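Working through the structure, step by step
The residues making up each chain are set out below.
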Amino acid sequence: MKSTHVFVSLLLVLAVTPLVVQACPPSDRAALLAFKAALKEPYLGIFNSWTGTNCCKNWYGVSCDPSNGRVANINLRGESEDPIFERAHRAGVMYGYISLQICKLDRLTNIVIADWKNITGPIPSCIASLPFLRVLDLIGNRLTGPLPRDIGRLTHLTVLNVADNQISGSIPTSLANIAGLMHIDLSSNRITGKIPQNFGNLKMLSRALLSRNQISGQIPSSISKMYRLADLDLSMNRISGSIPASLGQMAVLSSLYLNGNQISGSIPSTLLHNSGLSILNLSKNAIDGHIPDAFGPRSYFTLLDLAFNRLSGNIPSSITSASYIGHLDLSHNQLCGRIPKGSPFDHLEASSFVNNNCLCGMPLRRC
């Protein structure tokens, strides 16, 4: 009989426990309401659902860990296919700032507060203390101030996206401590200073998008050690010095944008011989010397843009041996001599060659 009572009591505990675990703790609810109080969203009413005691149930953009009932995800996007946007026939606009109270949600794994256009103020430095954070996506706002200095404490972070804001300051050296970081997008901000020399420690990184900032200094050679890096965009900055030849030896690098900088020196032949690199944009720099005669059957470029540099000499004849070159731009250099015949030159227009010293042949004037 006693064993029966124990069994029944155990069943009651198991039946009640999920309801208790799935409930939102008052501390998380209070933190969310404080976070909401710092923001104003006047058109869609996305915060209208933030009522009641259980923030794990039907609060727009909020989800919880079912094992402990703690808030795990904040997912608020100002551009979405959600019915609330379709009914309003508009994208979202939100005013205000990201409250420090968000850091009291210490079980967060994802923070997405993206594309609201008018959220201002800094990224709270305390975000770097959230021990389980995996995704930080704040793209498309008007955030100011620097990246948190101790961002390297986010050891579980895989995605960092703060593009299209007004972030200033330099890239924290601690960033390279995030061993599992796979995607970083800092583009279209006001970031200054140099790329940290230890940037190459991010061995799991597949995309590094740092374009349209005010980054200066040279390209760290350590980047070539990032064996998973497929896309590197450093365009429209103030980067100087030469291009490390080791970049052309990266196994999976498929796109390299260095255009719109102050890069000098010559083009490493490894970049043109790399069989995996399909997009190479070096335009609008101060690159000189000859175009390396390094093309071969493994060279495959959907885009090869070397325009607006100081390149001299002939167009190398080996370029006709490339397996494919889609868009080629050699304009605004100091090239001379006959334009080779055959692919890819048989489908290019004169705009690909204009404003050179003495190029001739189709599609320009006869030699």
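These remarks concern the structure in this document. This is a predicted model, so every value here is computed, not measured.

Topic: the overall build of the chain
Secondary structure assignment for the chain yields 4 helices and 22 strands. Computed over C-alpha atoms, the radius of gyration of the chain comes to 27 Å, more than 25% over the 21 Å expected from 2.2 N^0.38 for 367 residues, which places it beyond the range of a compact globule. Counting over 367 residues, the chain shows a buried share of 50%. Considering only contacts within the chain whose residues lie at least 6 apart along the sequence, 51% involve residues at least 24 apart. Per element, the accessible surface of the chain, about 17,000 Å² overall, is 53% carbon and sulfur. Where the 31 positive side-chain charges of the chain centre and where its 21 negative ones centre are 6 Å apart.

Comments concerning the sheet that holds strand β15 (residues 262-263)
In sheet architecture, strand pairing relies on hydrogen bonds along the backbone and comes in two forms, parallel and antiparallel. Strand order in this open sheet of 3 strands is β11-β13-β15, and the pairing throughout is parallel. Because the sheet does not close on itself, it has two edges, and the strands there are β11 (216-217) and β15. By the bridge criterion, 2 bridges tie β11 to strand β13 (residues 238-241) in an arrangement that is parallel. Within the sheet, the bridge partner assigned to G217 lies in β13 and is I239.

Details of the layout of surface pockets
Of the pockets and cavities examined, the largest pocket occupies roughly 190 Å³. Around the largest pocket, the lining comprises 15 residues; the ones closest to its centre are I339, K341, G361, M362 and P363. When grouped by side-chain class, the residues that make up the lining of the largest pocket number 8 nonpolar, 2 polar and 5 charged.

Points about the pattern of salt bridges
Here the structure, examined in full by the defined rule, presents 5 salt bridges. The shortest N-O distance in the salt bridge between D106 and R70 comes to 2.7 Å. Pair noted here: D106 is in the loop between β4 (94-97) and β5 (110-114) and R70 is in the loop between β2 (62-64) and β3 (71-77), with a separation of 36 residues, a long-range link. The salt bridge involving R207 is made with D231; its shortest N-O contact spans 3.3 Å.

What to know about the state of the cysteines
Summed over all chains, the structure comprises 5 disulfides. Here C103 pairs with C126 through a disulfide, and the sulfurs are 1.9 Å apart. Between C103 and C126, the S-S torsion sits near 75°, and that sign places the bridge as right-handed. Here C103, found in the loop between β4 and β5, pairs with C126, found in the loop between β6 (117-120) and β7 (135-137); they are 23 residues apart in sequence, far enough to count as distant. The class for C126 is partly exposed, based on a relative accessible area of 22%. Each disulfide in the chain links cysteines that, numbered along the sequence, combine into the pattern 1-2, 3-4, 5-6, 7-8, 9-10.

Cut-offs and rules
- Residues numbered from 1 in each chain as written.
- Predicted model: local features only at pLDDT ≥ 70, side-chain atom pairs only at ≥ 80, totals over all residues.
- Heavy atoms only, no water.
- Helix = DSSP H or I, 4+ residues; strand = E, 2+ residues; numbered from the N terminus.
- Rg over C-alpha atoms; globule rule 2.2 N^0.38 Å.
- Buried < 20%, exposed > 50% of the residue type's maximum accessible area, 1.4 Å probe, protein only.
- Contact = heavy atoms within 4.5 Å.
- Areas by Shrake-Rupley, 256 points an atom, 1.4 Å probe, with all protein chains shown as cover.
- Lys, Arg positive; Asp, Glu negative; His and termini not counted.
- Charge placed at Lys NZ, Arg CZ, Asp CG, Glu CD.
- Pairing = 2+ DSSP bridges.
- 1 Å grid on protein atoms, 1.4 Å probe; cavity = no way out; pocket = protein on both sides within 12 Å on 5 of 7 lines; lining within 4 Å.
- Points joined across faces, edges and corners; volume = space filled by probe spheres on them.
- Nonpolar A, V, L, I, M, F, W, Y, C, P; charged D, E, K, R; others polar.
- Salt bridge = Lys/Arg side-chain N within 4 Å of Asp/Glu carboxyl O.
- Disulfide = S-S within 2.5 Å.

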